[in-house]
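Here are the chains, one letter per residue:
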Amino acid sequence: MTRIVIIGGGPGGYEAALVAAQLGARVTVVEQDGPGGACVLTDCVPSKTLIATSVRKQALLDASMLGVHYTGGPDGDVGGVIADMPLVNRRVKELARAQSADIAARLAAEGVEVVTAPGRLVDPQVVRAGDRTIRADVVIVATGATPRILPGAEPDGERILTWRELYDLEELPEHLIVVGSGVTGAEFAGAYRSLGSEVTLVSSRDRMMPNEDADAAEVLEEVYRRRGMNVMGRSRAESVKRTDDGVVVTLEDGRTAEGTHCLMTVGMIPNTAGIGLEEAGVTLGPGGFVQVDKVSRTSAPGVYAAGDCTGVLMLASVAAMQGRIAVWHALGEAVQPLRLATVASAIFTDPEIAAVGVAEKAVRAGEIEANIVKLPLATNARAKMQGFNDGFVKLFCRPHTGIILGGVVVAPRASELILAVSVAVQQRLTVDQIAHTFAVYPSLSGSVTEAARRLMQPMTPSGI
């Protein structure tokens, strides 16, 4: 029986463990924090729970557009809608623990051993887990990553925070300064603005989320500004200091921003230092990320890696797929290499942003030939009914064959709507095939089929 030891119990680790157990391997997961790892306990699950709460509150605040009005309630808040932060944060942490418990139960049901201890690679076939030494035929490193800390802006857990410390706050920040306007910064900035905080978003680039679709970022920034957020572009933070009753953020150009709390969202660093990787022959690349090929192999024989520690794409879905691919390859199963062109991603802002496949900037740069259509969400009947005015559906297809190459959706629940486009990209479906597929009327998904119809090529007489 093949013995597999996995260092790290996040999505890359526990998904690999489940596949390995189902294929008959003897599996041990070494995880010091708990099943699900940081993704479930401190990062993805808690943040999306908080965001779900903020979206619900924003819907209440926007209800007046649909003719629903609130009366009474405490002064100083729109319509008397307030966020009970101790209750919100308690629910966030309880839900994370419950999800971790569900994962633990599933692993146990499949016969996976979980060792609660820090893990270290002694050599390519030996893992040290606390005071235990475990021999393995295959080792999978899935140790994740940790929030990056800027010199001069070290978190103190009270006023200067990483997102892992937010849920210990007893009160809603009066004025939250978010440093970093990437995905994480944009998500938390929007959530806390909807919950009732005054928010200043400090972006070092011309616009927020510079690596995402430009049209999507523009829509979101417009929404944020309309809701009262202060978005400071071209403003790189140099330092963050505590004051008597808050924080002051000093920018490189000498300007300052003052608030009660500061959230640092300036990237992640891999958890690869001091766990014996290089000594065991595992090559680390720039930034300390584990270098892997498309089937998750490292440079050390029998050692694979998955998830954020590889820096391939810091998404839970990618980590899980890397872990599964590692197991399939290690156990000699048929396996397809990881195809980043088919990875769907979502940003859980309000509205959400989801994308898959090619990016418009690649099309505009001439790297890929594609036809593009963009439909504003405001023309969709269901969107009108629900008062959704911000967003769009965008599709890309090959000019002659009509094969769908990708798409972007900006809408409520875009993370769900993108599945149809993701399936089309994965299965190389054409716009004709999507256009001839029934969509419910009225529905937001109808904009996907409508966009496909707009991209259909007219038939020539010779094609009749």
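Asker: Talk me through the side chain of Thr-28; I want residue IDs and the actual numbers.
Answerer: Here Thr-28 lies in strand 2 (residues 26–30). A distance of 2.7 Å separates polar atoms of two side chains, one belonging to Thr-28 and the other to Glu-113. Thr-28 has contacts with Arg-3, Ile-4, Val-5, Ile-6, Glu-113, Val-115 and Ile-134, leaving out every residue within four places of it along the chain.

Asker: Outline the sheet that holds strand 18 (residues 303–305), supporting the account with residue identities and numerical values.
Answerer: Across the sheet, which stays open at both edges, the five strands sit in the order 3-2-1-7-18 with parallel pairing between neighbours. Because the sheet does not close on itself, it has two edges, and the strands there are strand 3 (113–115) and strand 18. Each strand axis lies, on average, 20° off the axis of its neighbour in the sheet, ignoring direction. Taken together, the three bridges between strand 7 (residues 138–141) and strand 18 define a ladder with parallel strand orientation. Paired with Val-139 across the strands is Val-303, a residue of strand 18.

Asker: Tell me what's going on with the environment of Tyr-441, and back it up with residues and numbers.
Answerer: One can find Tyr-441 in the loop between helix 11 (431–435) and helix 12 (446–455). For the pair Tyr-441 and Arg-382, spaced 59 residues apart in the sequence, the C-alpha separation amounts to 8.0 Å.

Asker: I'd like a description of the packing of helix 3 (residues 44–62) against helix 4 (residues 85–109), backed by residues and values.
Answerer: How two helices sit against one another is set out by the angle between their axes and by the gap between those axes. At a minimum axis separation of 9 Å, helix 3 and helix 4 run at an interaxial angle of 140°. Taken together, helix 3 and helix 4 sit at an angle that is classed as oblique. For the element pair helix 3 and helix 4, the recorded crossing hand is right-handed. Counting all contacts with helix 3, which are made through Val-45, Pro-46, Thr-49, Leu-50 and Thr-53, the residues of helix 4 involved are Met-85, Val-88, Asn-89, Arg-91, Val-92, Leu-95, Ala-96 and Gln-99. Among the residues forming the contact of helix 3 with helix 4, the class breakdown is eight nonpolar, four polar and one charged.

Asker: Would you mind going over the pairing of strand 20 (residues 352–357) in detail, with residue names and values included?
Answerer: The pairing of strand 19 (residues 344–347) with strand 20 spans four bridges and is antiparallel. Its bridge partner lying in strand 20, Ile-347 is registered against Ile-353. Two successive antiparallel strands, strand 19 and strand 20, enclose a turn made up of four residues. Judged from the six bridges that link them, strand 20 and strand 23 (residues 404–411) form a sheet pairing that is antiparallel. The partner of Gly-357 across the bridge, within strand 23, is Gly-406.

Asker: Quick one: what's the story with empty space enclosed by the protein, residue by residue and with numbers?
Answerer: Going through the model one piece at a time under the given rule, you end up with one cavity of 30 Å³ or more. Of the voids in this model, the largest cavity is the one considered here, and its volume is about 50 Å³. Forming the boundary of the largest cavity are 13 residues, of which Ser-54, Gly-190, Ala-191, Thr-349 and Asp-350 lie nearest the centre. Within the residue set of the lining of the largest cavity, elements represented by two or more residues are helix 3 and helix 5 (183–195). The element contributing the most residues to the lining of the largest cavity is helix 5, with five residues. By residue class, the composition of the lining of the largest cavity is six nonpolar, four polar and three charged.

Asker: Describe helix 12, and please don't skip the residues or the numbers.
Answerer: Of all 10 residues in helix 12, seven are buried; the element is thus mostly enclosed. The secondary structure elements touched by the buried residues of helix 12 are strand 21 (371–376), strand 22 (392–397), helix 10 (414–427) and helix 11.

Asker: An account of the nonpolar core is needed here, citing residue identities and associated values.
Answerer: The biggest cluster of nonpolar side chains holds 41 residues, and the ones touching the most others in it are Leu-50, Leu-166, Phe-188 and Tyr-192. Broken down by element, the residue count for this core peaks at six residues, all from helix 6 (residues 214–226). Residues within four places of Phe-188 in sequence aside, it is in contact with Ser-47, Leu-50, Trp-163, Leu-166, Tyr-167 and Leu-263.

Asker: Can you break down the pattern of salt bridges residue by residue, with the values?
Answerer: Two side chains of opposite charge can pair, provided their charged atoms sit close to one another. Taken as a whole and judged by the stated rule, the model has 22 salt bridges. Note that Lys-48 is salt-bridged to Glu-187, the shortest N-O span being 2.9 Å. Highlighted residues: Lys-48 in helix 3 and Glu-187 in helix 5, separated in sequence by 139 residues. A relative accessible area of 23% means that Lys-48 is categorised as partly exposed. Across the pair Glu-450 and Arg-453 runs a salt bridge, and its minimum N-O distance is 2.9 Å. Linking Glu-450 with Arg-453, this pair stays in helix 12, spanning three residues, or about one helical turn. With a relative accessible area of 26%, Glu-450 lands in the partly exposed category. One network of salt bridges, with partners in common, ties together Asp-213, Asp-215, Glu-360, Arg-364, Lys-374 and Lys-394.

Asker: Outline a nonpolar patch on the surface, supporting the account with residue identities and numerical values.
Answerer: Together, Leu-60, Met-65, Leu-66, Val-68 and Tyr-70 line one region of the surface with nonpolar side chains, adding up to about 460 Å² of accessible area. Counting through the fold element by element, Tyr-70 comes out in the loop between helix 3 and helix 4.

Calculation criteria
- Residues numbered from 1 in each chain as written.
- Predicted model: local features only at pLDDT ≥ 70, side-chain atom pairs only at ≥ 80, totals over all residues.
- Heavy atoms only, no water.
- Helix = DSSP H or I, 4+ residues; strand = E, 2+ residues; numbered from the N terminus.
- Polar contact = N/O pair within 3.5 Å; in protein donor to acceptor, adjacent residues only side chain to side chain.
- Contact = heavy atoms within 4.5 Å.
- Pairing = 2+ DSSP bridges.
- Axes fitted to C-alpha atoms, helices over the stretch in contact; angles between N-to-C directions.
- Parallel < 35°, antiparallel > 145°, perpendicular 65-115°, else oblique.
- Left-handed = near helix turned anticlockwise from the far one by under 90°.
- Nonpolar A, V, L, I, M, F, W, Y, C, P; charged D, E, K, R; others polar.
- 1 Å grid on protein atoms, 1.4 Å probe; cavity = no way out; pocket = protein on both sides within 12 Å on 5 of 7 lines; lining within 4 Å.
- Points joined across faces, edges and corners; volume = space filled by probe spheres on them.
- Buried < 20%, exposed > 50% of the residue type's maximum accessible area, 1.4 Å probe, protein only.
- Core = buried A, V, L, I, M, F, W, Y, C linked by side-chain atoms within 4.5 Å.
- Salt bridge = Lys/Arg side-chain N within 4 Å of Asp/Glu carboxyl O.
- Patch = residues over 30% accessible without salt bridge, like charges linked within 9 Å, V, L, I, M, F, W, Y side chains within 5 Å.
- Areas by Shrake-Rupley, 256 points an atom, 1.4 Å probe, with all protein chains shown as cover.

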